[in-house]
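Structure assessment
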Amino acid sequence: MNTEVADPTNLSEKKDFLVRSSSLKDVRSFSREVFEKFKIDEDLREELVLAIAEAAQNIVKHAYKDFPDTQDRMAVRITCTGKELEIAFFDKGKPVEESKVKHRAIDDVKPGGLGTFFIQEIMDSIKFKEGDKPWINNLVLTKKL
Amino acid sequence: MKFKVTDSENISTVFLNGEIDMDIADDVREVIFPLIDSGKEVHLNLKDVQYMDSSGISVIVESSKRAKDKNTKVELKEVSQPVEKVLAMARKFL
């Protein structure tokens with residue numbers, strides 16, 4: 001886990017993970033450790049963990065859909081300014097087409113569809129950006145504290 | 001991953017535990033689907049599930065649909081608080 005303290009009012013932690021479903025529990029563990037360290041409200045923590053895990057799952061399921069055995073890594077960065085939490089995801093998978101990212105009806109439920117709905121319910125904003133090299137995708141989620 | 005299964009007349013109860021995510025969702029399907037396909041009513045005991053994401057919800061929805069097709073049913077039992085929170089959010093999707 002890397003701690004970045006460029007701005008002393010900001011706390012930031014970043015970690016990378018192999019892009020595969022078995023990494024999701026490590027993503028959750030990392031998130032829980034960071035929220036404990038940042039003293040995030042306990043009632044909010046597990047919701048945030050769910051949103052982070054769903055976003056990481058979407059990278060595995062969609063950005064790397066055709067590459068299940070990839071050795072690529074994805075990175076998760078959690079930054080707390082005191083008033084806002086920013087969670088950024090970085091991956092080198094297939095570029096995200098934002099217009100295609102939407103939830104489905106419940107009777108056509110798939111992890112990516114319901115997962116996206118969960119992210120929308122939990123977070124205040126969702127932004128897809130083009131990643132700075134070497135990254136392809138950069139998803140940024142924010143939540144007011 | 002192994003889950004305890006008990007049988008009582010035509011009801012099978014599957015005791016799920018731990019964290020149900022994409023990584024083990026298929027393991028859960030492999031336990032539940034054959035029980036449904038054999039025509040049994042399936043109860044999912046969720047008291048020891050500490051975390052469930054959309055993959056776990058998908059398994060529940062798929063199981064319920066599959067059971068309906070087989071003229072049987074799936075019921076959730078002793079739902080833990082973390083799972084109840086996720087289910088409540090998923091219900092908004094209905």
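Scroll up to find the structure.
As a starting point, this report considers the structure included with it. All values derive from a computational prediction rather than experimental measurement.

Side note on the packing of helix 1 (residues 24-37) of chain A against helix 2 (residues 42-63) of chain A
All names here are of chain A. Put simply, helix 1 and helix 2 touch, their axes get as near as 9 Å, and they point 145 degrees apart. When the axes of helix 1 and helix 2 are compared, the crossing they make is right-handed. Contacts between helix 1 and helix 2 involve L24, V27, R28, S31, R32, F35 and E36 from the first element and R45, E46, L48, V49, I52, A53, A56 and Q57 from the second. For the contact of helix 1 with helix 2, a count of residues per class yields 8 nonpolar, 2 polar and 5 charged.

Describing the environment of G39(B)
Residues and elements named next belong to chain B. Examined against the element boundaries, G39 turns out to sit in the loop between helix 1 (22-37) and strand 3 (41-52). G39 gets classed as partly exposed once you look at its relative accessible area, which sits at 27%. Put simply, G39 and K70 are 31 residues apart on the chain and 6.3 Å apart in space, counted from C-alpha to C-alpha.

A few points about the interface of chain A and chain B
Listed as interface residues are 30 residues of chain A and, on the opposing side, 21 residues of chain B. Carbon and sulfur atoms make up 64% of the surface buried where chain A meets chain B, a total of about 2100 Å² over both sides. Among the ionic pairs, R28(A) bridges to D21(B), the shortest N-O distance being 2.9 Å. On inspection of chain A and its partner chain B, the count reaches 8 residue pairs in polar contact (both at pLDDT 80 or more). Among the elements of the structure, helix 1, helix 2 and helix 3 (111-122) of chain A are those that each provide at least two residues to the side of chain A that touches chain B. Tallying contributions element by element places helix 2 of chain A first for the side of chain A that touches chain B, with 9 residues.

Points about unusual backbone geometry
All names here are of chain A. With an omega of 10 degrees, the peptide bond between K133 and P134 qualifies as cis. Considering the arrangement of structural elements, one finds P134 in the loop between strand 5 (125-130) and strand 6 (137-144). Although it is not a glycine, K39 sits at a positive phi angle of roughly 55 degrees. Along the polypeptide, K39 turns up in the loop between helix 1 and helix 2.

Some words on the packing of aromatic side chains
Evaluation of the coordinates by the stated rule reveals 3 aromatic pairs over all chains. An angle of 65 degrees between the planes, with centres 5.9 Å apart, marks the rings of F17(A) and F30(A) as edge-to-face. Taken as a pair, F17(A) in strand 2 (residues 11-18) and F30(A) in helix 1 lie far apart in primary sequence, 13 residues in all. This pair shows no difference in class: F17(A) is buried, exactly as F30(A) is. An angle of 45 degrees between the planes, with centres 5.7 Å apart, marks the rings of F90(A) and W135(A) as tilted. One end of the pair, F90(A), is in strand 4 (residues 84-91); the other, W135(A), is in the loop between strand 5 and strand 6, and 45 residues separate them in sequence. Look at F90(A) and you get buried, because its relative accessible area is 9%. W135(A) sits in the buried class, given a relative accessible area of 17%. Note that K14(A) overlies the ring of F90(A), its terminal NZ or CZ placed 4.8 Å from the centroid. Directly above the aromatic system of F15(B) lies the positively charged group of K4(B), at a separation of 4.7 Å from the ring centroid.

Parameters and conventions
Residues numbered from 1 in each chain as written. Chains lettered and ligands numbered in written order. Predicted model: local features only at pLDDT ≥ 70, side-chain atom pairs only at ≥ 80, totals over all residues. Heavy atoms only, no water. Axes fitted to C-alpha atoms, helices over the stretch in contact; angles between N-to-C directions. Helix = DSSP H or I, 4+ residues; strand = E, 2+ residues; numbered from the N terminus. Left-handed = near helix turned anticlockwise from the far one by under 90°. Contact = heavy atoms within 4.5 Å. Nonpolar A, V, L, I, M, F, W, Y, C, P; charged D, E, K, R; others polar. Buried < 20%, exposed > 50% of the residue type's maximum accessible area, 1.4 Å probe, protein only. Buried area = accessible area lost by both parts, 1.4 Å probe. Salt bridge = Lys/Arg side-chain N within 4 Å of Asp/Glu carboxyl O. Polar contact = N/O pair within 3.5 Å; in protein donor to acceptor, adjacent residues only side chain to side chain. Phe/Tyr/Trp six-rings, centres within 6.5 Å; stacked < 30°, edge-to-face > 60°. Lys NZ or Arg CZ within 6 Å of the ring centre and 35° of its normal.

Interpretation note: all reported values are geometric properties and have no functional meaning in isolation.
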